[in-house]
Every structure is written in C-alpha cells, then in structure tokens.
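Architecture at a glance
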Amino acid sequence: MEKFARGREQGRGRGEGEGEREGEEESDLLKGKILANLFYEPSTRTRLSFETAMKRLGGEVLNLYSTETSSVAKGENLADTIRTVSGYCDAIVLRHPREGASRMAASLASVPVINAGDGAGQHPTQTLLDLYTLKKEGLLENLRIALVGDLKYGRTVHSLAYALALYGATLFFVSPEALRMPEEVKMDLQAAGAAEAEAAGAAEAEAAGAAGAGAGAGAEVFETSDLSAVVKEVDVLYVTRIQKERFPDPAEYRKVAGAYRVTRGLLKENEDLVIMHPLPRVDEIDAAVDGTKNARYFKQAFYGVPVRMAVLSTLLGAGGERRREGEEKQGASKNARGNRRNSGVGEEAPRTLRERTADDRE
Ligand code: NCD
C-alpha cells in the first residue's frame, strides 16, 4: 500500500511550488487509532494541526481543551488524568503550563506522550516544523539565524536552539537583558559543541565547522539586545512573542513589551532576510511584512500538518504494526492495546542535550 495515497486534488495555493500538496494527502494508516489532545493552555496551531494530521491519516481524536469542563476543574491532578486517558487512546499530545509535565506524564502513561509545550520548557514538534521550513528553503546547512524576543520564557526557541546546534548553525540570541536565553540552555549548547570536538578530534571538528558540514558541528553563539546590529549578519530572523502570561510581575512585562518590531523598513537592511515566527504574534511583526517575499510564518504554520503526520505515523503507523506482528508471532497477546503497551514506544522520557551528551560520553 502506498503510504500516503493521495486524496482529493485541492490546489488551495498553500505551497509555492507546483504540485505541493504535502499535508493534504489522505491515508488509512492510522485507521482505528485514537489520539487524545490534552491542552491545559491555549493553542490554535498545535492542537488543530495535530487533529488535522491524525484525521488525514484515518485516525480519530479526543480533545480536552477546556480545563473548565473537565475534571481538572474538580481538582483532579495531571497524574490521575494521564493514567485514565491512557486507557482511552493510543497516544497523548500534552500541553501543560508546568515545565517537565510531559516527561512526568510519559513515565506514567501506557501510551506514547508527545510534548506539545511544557511551560517555558520545550516545544519539540514546533522545532521539527521549524527545521522542515528551513530545509524547504534550502537554509538548514551553514545557517546564520537570529532568535529574537523572549528567549527566557519562549519554549520554541529553547528546543530550536538545541536542534540548530546539531546542524552547526551560527546563532544570534537577540533579546532584552531581562529575557536572555537561560544559562542552562547556553551551557548545553557549549557542552554539545565540546563533546563533538572531543569525539571527532579537534582538527576534524574544525574542518567540519569551517565547511559548515552540518550535523554535529556545534553552534557558535552571539548575544545582543540590538536587533538592527544583526539584521545584515543573518539569513533568518526567528521572531517570538513576549510571553506575557509567564511573567510573575505584570510591571516587569510592561518594561519589555513592544521591545522589538519587524517592519518593512527593517527589511531594507537585508532584502533576502527570511522572517519566521511560531505564531501567535502580538505586535512584533508589522502586518505590512505579511505580503513581502520575506515572510514565511504562515507557510511555516502550515507545515505543522505534514510534520505532525510524520510524527504520528512514526509512533503509531507501519513501524508499530510490524512490531506488533512480530510480537504476535512470538505468541504475545492478540489484544492490540496490550501489545501496544508492551511495545515500549514513547516510554523513554526525553532527555536534555546535556543529559544525552553526558550519557554518550560514558
Ligand atoms: C508557541 C507556543 O505555544 O509555545 N505557539 C505555537 O505552538 N505555535 C509560541 C507562543 O505561544 O508564543
């Protein structure tokens, strides 16, 4: 069977190229599978694109997106909800205000848990679609990119910085002083670079870096508050919203609100600049930029569908089927849910780059 048999011809002009219909293909790969979307924080793109992805693959979706209408309002804790919902579905997508919530959920759930944002922590599937967007633009190798805005509370930039380091990108962290990239993330990036150098031998690592040889070359990082100073230095501006809801003191938010604004005027400094944003935006990109050749953020948001289709089919699709068939041959229970529970998919909690680097050194 063709993995993603093409469905309707749609041509809604989402992609630029002729015949670009990824994310619109339909398949029955996940027929009979159920995804539970558990969203304890607001979401538009992440939740809806997971839902679209699952439905395009023939699966079904349960949604908990209003904590007001679920037992969360009665005081149920996350652990009990996860244990319960695990029995109703084949995978869980979790967005939660607490850092580490998905890791905790993965340790309790009997089905795979996908982190769709844990407080100011991480947002790994956003990073996958960001990387996909960069790859589509042919920018992933030798990339010079500025991550702009709220680098302290913005989870998308944390995950993205880790991933870009694996491609040897040059990173410019542009933020107000109070919203700098957390030290922990910067240390992880340094540690990853050092581990690479150690593993590859200093000379080879240098050659790889000089050639921009991509994966594993580590990241060169610069930090500044001055956006105009980096505009000519980079290929991509990855702009982010100041995360108002995460400030303990509203007065502190007011001090940094509106710190950066990307305008058409700014683009005159570098006409080829690609502008990305995980969205939603507040006022950090002027609406007049939307119609320019530089803007990629709506296309980027659209890529959430094919990328999440890939994530779901990897977790629940053909590979999982093969694994289960193997288990059945070995006389394992024919109960699909029981087999899935034994499959081990998603049982390992995600580790930080630092943890991985440390383990890999052992
Ligand atoms: C981001 C998030 O939720 O972290 N949005 C998204 O998933 N596309 C960014 C944000 O809220 O600013």
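Above this note sits the structure.
One structure accompanies this document, and this report is about it. Residue numbers here run from 1 along each chain, matching the order of that chain's written sequence. Only residues with pLDDT of at least 70 get local features here, since the model is predicted, and only at 80 or more are side-chain atom pairs given and counted; chain-wide, interface and lining totals rely on the full set of residues. Hydrogen atoms and water are omitted, and side-chain values are computed over all heavy atoms in the structure.

Surrounding the ligand, one finds T46, R95, H123, Q126, R155, T156, R241, Q243, P278, L279 and P280. Interatomic distance of 2.9 Å between a backbone N/O atom of L279 and a nitrogen atom of the ligand. When isolated, the ligand has an accessible area of 320 Å², and the protein chains bury 93% of it. Gly is placed with the polar residues, together with every amino acid not listed as nonpolar (Ala, Val, Leu, Ile, Met, Phe, Trp, Tyr, Cys and Pro) or charged (Asp, Glu, Lys and Arg). A class-by-class count of the residues in the shell around the ligand yields three nonpolar, five polar and three charged. Whether a residue is near a molecule or strand depends on its heavy atoms: if one lies within 4 Å, it is near. A 3.5 Å cut-off defines polar contacts: any pair of N or O atoms within that distance qualifies, except that in protein one atom must be a possible hydrogen donor and the other a possible acceptor, and neighbouring residues in sequence count only when both atoms are side-chain atoms. Only the protein chains shown count as cover for residues, and the accessible areas themselves come from Shrake-Rupley with a 1.4 Å probe.

The next point concerns the side chain of N294. In this structure, N294 sits in the loop between β9 (274-276) and α11 (297-302). Looking at N294, its side chain comes within polar contact range of the main-chain oxygen of E271, at 2.9 Å. Only DSSP runs of H or I with at least four residues qualify as helices, and only runs of E with at least two residues qualify as strands; both kinds are numbered from the N terminus onward.

With that out of the way, let us pick up helix α12 (residues 304-316). Given a rise of 1.5 Å per residue, 13 residues ought to cover 18 Å, and the 18 Å separating the end C-alpha atoms of α12 matches this to within 8%. Only protein chains enter the calculation, and the probe is 1.4 Å; a residue is then buried if its accessible area is under 20% of its type maximum, exposed if over 50%, and partly exposed in between. For α12, a buried count of 10 out of 13 residues is recorded, marking the element as mostly surrounded by other parts of the structure. Within α12 the residues assigned to the buried category are G304, V305, P306, V307, R308, M309, V311, L312, S313 and L316. Expected helix span is computed as 1.5 Å times (number of residues minus one).

As a rule, the C-alpha atoms of each element are fitted with a line to give its axis, helices using only the stretch in contact, and angles between N-to-C directions run from 0 to 180 degrees. As a packed pair, helix α4 (residues 124-136) and helix α5 (residues 155-166) sit with axes 8 Å apart at the nearest point and diverge in direction by 55°. Our classification of the angle between α4 and α5 gives oblique. In terms of crossing hand, the pair formed by α4 and α5 is right-handed. Across from P124, Q126, T127, D130, L131 and L134 in α4, the residues of α5 making contact are T156, S159, L160, A163 and L164. Of the residues in the contact of α4 with α5, the class split is six nonpolar, four polar and one charged. Note on angle classes: values under 35 degrees are labelled roughly parallel, values over 145 roughly antiparallel, values of 65 to 115 roughly perpendicular, and the remainder oblique. Throughout, a crossing is termed right-handed when the near helix is turned clockwise from the far one, and left-handed when it is turned anticlockwise from it by less than a right angle. The contact criterion used throughout is that any non-hydrogen atoms of two residues lie within 4.5 Å.

One finds L147 and L164 to be the most contacted residues of the largest nonpolar core, which totals 25 residues. When residues of this core are traced back to their parent elements, those giving at least two are α4, β5 (144-148), α5, β6 (170-174), α6 (183-200), β8 (236-239) and β9. Ranked by residue count, the leading element in this core is α5, at seven residues. Aside from chain neighbours lying at most four places away, what touches L164 is L131, L134, L143, I145, A169 and L171. Among the buried residues, those of types Ala, Val, Leu, Ile, Met, Phe, Trp, Tyr and Cys that are joined through side-chain atoms within 4.5 Å form a nonpolar core. In this structure, L237, Y260, I285 and Y297 belong to the second largest nonpolar core, which totals 21 residues.

Moving on, we come to the sheet that holds strand β2 (residues 60-64). Strand order in this open sheet of four strands is β2-β1-β3-β4, and the pairing throughout is parallel. Looking along the sheet, the strands with just one partner apiece sit at the ends: β2 and β4 (113-118). The sheet shows a mean angle of 15° between the axes of neighbouring strands, taken without regard to direction. Examined bridge by bridge, strand β1 (residues 34-39) and strand β3 (residues 91-96) share five bridges and lie parallel to one another. For N37, the partnering residue across the bridge sits in β3 and is V93. Sitting on the sheet, helix α1 (residues 45-56) touches β1, β2, β3 and β4, and the angle it makes with β1 is about 175°. DSSP calls a pair of strands paired once it identifies at least 2 bridges connecting them.

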